[in-house]
Amino acid sequence: MSEQGPQGQQVYSKEQVRRARIVIAVIFCVHGSVAGSFATRVPWIQDHADVSAGMLGLALAFPAIGASVAMPLAGWFSHRFGARAALRGLLAMWTLALVLPSLAPNLGTLCAALFVYGATSGMSDVAMNALGVEIENRMDKSIMSGLHGMWSAGALIGSAGGTVAAHLGTDARVHHLFAAAVLTTVGLVACQGVLDLRSAPDEEPPPRFTLPPRSALLIGAVGFCAVFAEGASLDWSAVYLKDVLDSSAGLAAACTTGFTLTMAVARFAGDKVVDRFGSVRTVRVGGGLAALGGLLVVLAPHPAVAMTGFALMGLGIAVVVPLAFAAAGRAGPNPSQAIAGVATITYTSSLIAPSAIGTLADATSLVVSFGLVTVLAFGLVAFAGVLRTDGRPAVQPNVDEAVTPVNRKT
């Protein structure tokens with residue numbers, strides 16, 4: 001149980017905060033597992049709904065649309081019900097929504113199912129990141145990069161389970177029903193251990209729908225650059241090696257896998273780097289590595305050079321989004337609203353990046369497309385300073401025996 005500190009603030013002991021960190025890491029892993037479970041069964045869902053590749057591309061835009069529309073609601077839910085109850089409900093909605101796409105018999109129902117899938121994903125994403133920032137603000141070290149590393153680990157776990165299910169020929173409806181039951185149970189149990197933060201009685205509730213606050217725009221722009229590079233690399237790296245450098249299909253697929261693994265490893269190591277060098281310097285160096293990687297891709301005479309370039313891009317952008325969320329949580333009095341604003345901008349980037357790369361490649365070439373990615377990577381170097389909000393350090397000083405909330409009335 002927490003106690004009331006000065007002016008009604010909730011006070012948590014170091015041990016309570018440490019336990020909460022472990023629990024929120026499990027929640028990030030659960031969230032990622034849902035995404036991985038879904039991604040591996042998209043071919044089955046396409047066949048079941050009887051949609052063409054073009055129709056599927058249209059349907060796959062709806063998760064990002066649903067997330068962008070619904071994410072501002074997350075702050076209202078946290079204010080109304082408290083952080084623990086809000087996360088418990090939103091995470092359960094997300095894990096259960098995994099079942100919906102596999103039930104869709106046609107394009108219309110698939111689009112509707114994916115809209116709900118994306119909306120619940122976005123709201124739970126904002127709620128868990130807001131709690132992650134609150135925990136980081138109570139500890140003497142960065143944790144957000146590691147939490148996003150747990151999301152990546154969860155995605156790998158979910159995709160591994162989906163790969164096995166697909167190999168065995170398991171109906172995706174059965175697979176997703178089982179996965180949803182397991183992940184919902186794990187999520188509900190884990191949510192019991194998060195910090196039960198509540199707004200002060202006299203605190204104004206955030207609006208249910210709002211544009212991103214001004215404080216989130218520049219921070220979101222940094223996240224936009226990183227997510228654009230991530231989306232472009234994930235969706236087009238294999239195509240780049242195959243079409244531009246005439247590599248084998250196996251080598252092209254290995255490039256995408258290497259990029260994903262590089263990002264996951266870098267996120268797990270990122271917290272120690274941030275603690276040592278700070279958010280701004282970390283992002284500037286990371287942006288430099290990503291830009292160097294982009295140049296290697298654009299100038300590559302051989303697949304090995306391009307693969308090295310994609311690996312460097314993964315290494316350079318891995319910690320940017322976690323640090324953008326952390327900066328947003330320190331940028332104003334309402335962390336959930338600011339994080340929702342940054343998340344909306346980054347989700348928009350993930351929505352437009354793959355199609356923008358393809359459109360530009362059709363008009364020019366894939367080499368030119370990744371020239372654009374390289375320019376955006378340089379943007380990380382130029383604008384990294386916005387992650388230092390209000391002159392505050394990335395990590396708040398710890399309190400000797402107990403830790404009180406920072407930048408939030410509770």
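Right above here is the structure, for reference.
This section reports on the structure supplied with the text. (Residues numbered from 1 in each chain as written. Predicted model: local features only at pLDDT ≥ 70, side-chain atom pairs only at ≥ 80, totals over all residues. Heavy atoms only, no water.)

Quick word on the overall build of the protein
1) Next: Looking only at helices and strands, the protein has 17 helices and 3 strands in total.
2) Next: Put simply, the protein has 410 residues, and 55% of those count as buried.
3) Next: Expressed as a percentage of contacts within the protein between residues at least 6 apart in sequence, the contacts between residues at least 24 apart total 85%.
4) Next: Summed over all atoms, the accessible surface of the protein reaches about 16700 Å², with 67% contributed by carbon and sulfur. (Helix = DSSP H or I, 4+ residues; strand = E, 2+ residues; numbered from the N terminus. Buried < 20%, exposed > 50% of the residue type's maximum accessible area, 1.4 Å probe, protein only. Contact = heavy atoms within 4.5 Å. Areas by Shrake-Rupley, 256 points an atom, 1.4 Å probe, with all protein chains shown as cover.)

Details of the pattern of salt bridges
Where side chains of opposite charge bring their charged atoms close, a pairing between them can arise.
1) Next: Enumeration over the complete set of coordinates arrives at 4 salt bridges.
2) Next: When the shortest N-O distance is used, the salt bridge between Glu134 and Arg138 registers 2.9 Å. When sorted by exposure, Glu134 lands in the same class as Arg138, which is buried.
3) Next: Here Asp171 and Arg173 are joined by a salt bridge, their closest N and O atoms 2.7 Å apart.
4) Next: Exposure remark for Asp171: the relative accessible area of 24% places this residue in the partly exposed category.
5) Next: Salt bridges linked by common partners bring Glu15, Arg18 and Arg19 together as one network. (Salt bridge = Lys/Arg side-chain N within 4 Å of Asp/Glu carboxyl O.)

Quick word on helix α8 (residues 107-136)
1) Next: Under the 1.5 Å per step criterion, the end-to-end length of α8 is 42 Å for 30 residues, consistent within 8% with the ideal 44 Å.
2) Next: Summarising burial for α8: 24 of the 30 residues are buried, a large majority.
3) Next: You can read the cap of α8 off the contacts: a side-chain oxygen lies 3.3 Å from the backbone nitrogen of Gly108, and it is on Asn106. (Expected span 1.5 Å × (residues − 1). Polar contact = N/O pair within 3.5 Å; in protein donor to acceptor, adjacent residues only side chain to side chain.)

Points about the packing of aromatic side chains
1) Next: Considering all chains together, one arrives at 9 aromatic pairs under this definition.
2) Next: Centre to centre, the rings of Trp76 and Phe77 are 5.3 Å apart; their planes meet at 75 degrees, and the pair counts as edge-to-face.
3) Next: Since its relative accessible area comes to 17%, Trp76 is described here as buried.
4) Next: Ring plane angle 80 degrees and centroid distance 5.3 Å describe the contact between Tyr240 and Phe370, whose orientation is recorded as edge-to-face. Taken together, the residues span a long stretch of sequence, with Tyr240 in helix α11 (residues 214-243) and Phe370 in helix α17 (residues 366-383) at a distance of 130 residues.
5) Next: Grouping aromatic residues by their ring pairs yields a cluster made of Phe38, Trp94 and Tyr117.
6) Next: It is Arg276 that lies over the ring of Phe277; its NZ or CZ is 4.9 Å from the centre. (Phe/Tyr/Trp six-rings, centres within 6.5 Å; stacked < 30°, edge-to-face > 60°. Lys NZ or Arg CZ within 6 Å of the ring centre and 35° of its normal.)

Digging into the packing of α8 against helix α15 (residues 320-329)
1) Next: Where α8 meets α15, the closest approach of the two axes is 9 Å, and the angle between their N-to-C directions is 75 degrees. It follows that α8 is roughly perpendicular to α15 by the angle criterion. Of the residues in α15, those touching α8 at Asp125, Asn129, Val133 and Glu136 are Phe325, Ala326 and Gly329.
2) Next: Classifying every residue of the contact of α8 with α15 gives 3 nonpolar, 2 polar and 2 charged. (Axes fitted to C-alpha atoms, helices over the stretch in contact; angles between N-to-C directions. Parallel < 35°, antiparallel > 145°, perpendicular 65-115°, else oblique. Nonpolar A, V, L, I, M, F, W, Y, C, P; charged D, E, K, R; others polar.)

Focus: helix α5 (residues 73-81)
Given 3.6 residues per turn, any residue in an α-helix points the same way as the ones three and four places further on.
1) Next: Within the span of α5, buried status applies to Leu73, Ala74, Gly75, Trp76 and Ser78.
2) Next: In this fold, the buried residues of α5 make contact with α4 (62-70), α6 (83-97), α8 and α16 (335-363).
3) Next: Phi turns positive, to about 90 degrees, at Gly82, one or two residues after α5.

Points about a nonpolar patch on the surface
1) Next: Residues Ile22, Val26, Phe178, Val182 and Val186 make up a contiguous nonpolar surface patch of roughly 440 Å² in combined accessible area.
2) Next: Those elements giving two or more residues to the nonpolar patch turn out to be α1 (14-39) and α10 (172-191).
3) Next: Counting residues per element, the nonpolar patch draws most heavily on α10, at 3 residues.
4) Next: Its location among the elements puts Phe178 in helix α10. (Patch = residues over 30% accessible without salt bridge, like charges linked within 9 Å, V, L, I, M, F, W, Y side chains within 5 Å.)

Examining the nonpolar core
1) Next: Counting 111 residues, the largest nonpolar core has Ile24, Ile27, Leu87 and Phe370 as its most contacted members.
2) Next: A per-element tally of this core places α8 first, with 13 residues.
3) Next: Each of domain 1 (12-192) and domain 2 (214-387) contributes no fewer than three residues to this core.
4) Next: When near neighbours in sequence (up to four residues on either side) are disregarded, Leu87 contacts Ile24, Ile27, Ser124, Ala127, Met128, Leu131, Cys191 and Val194. (Core = buried A, V, L, I, M, F, W, Y, C linked by side-chain atoms within 4.5 Å. Domains from an automatic or database assignment.)

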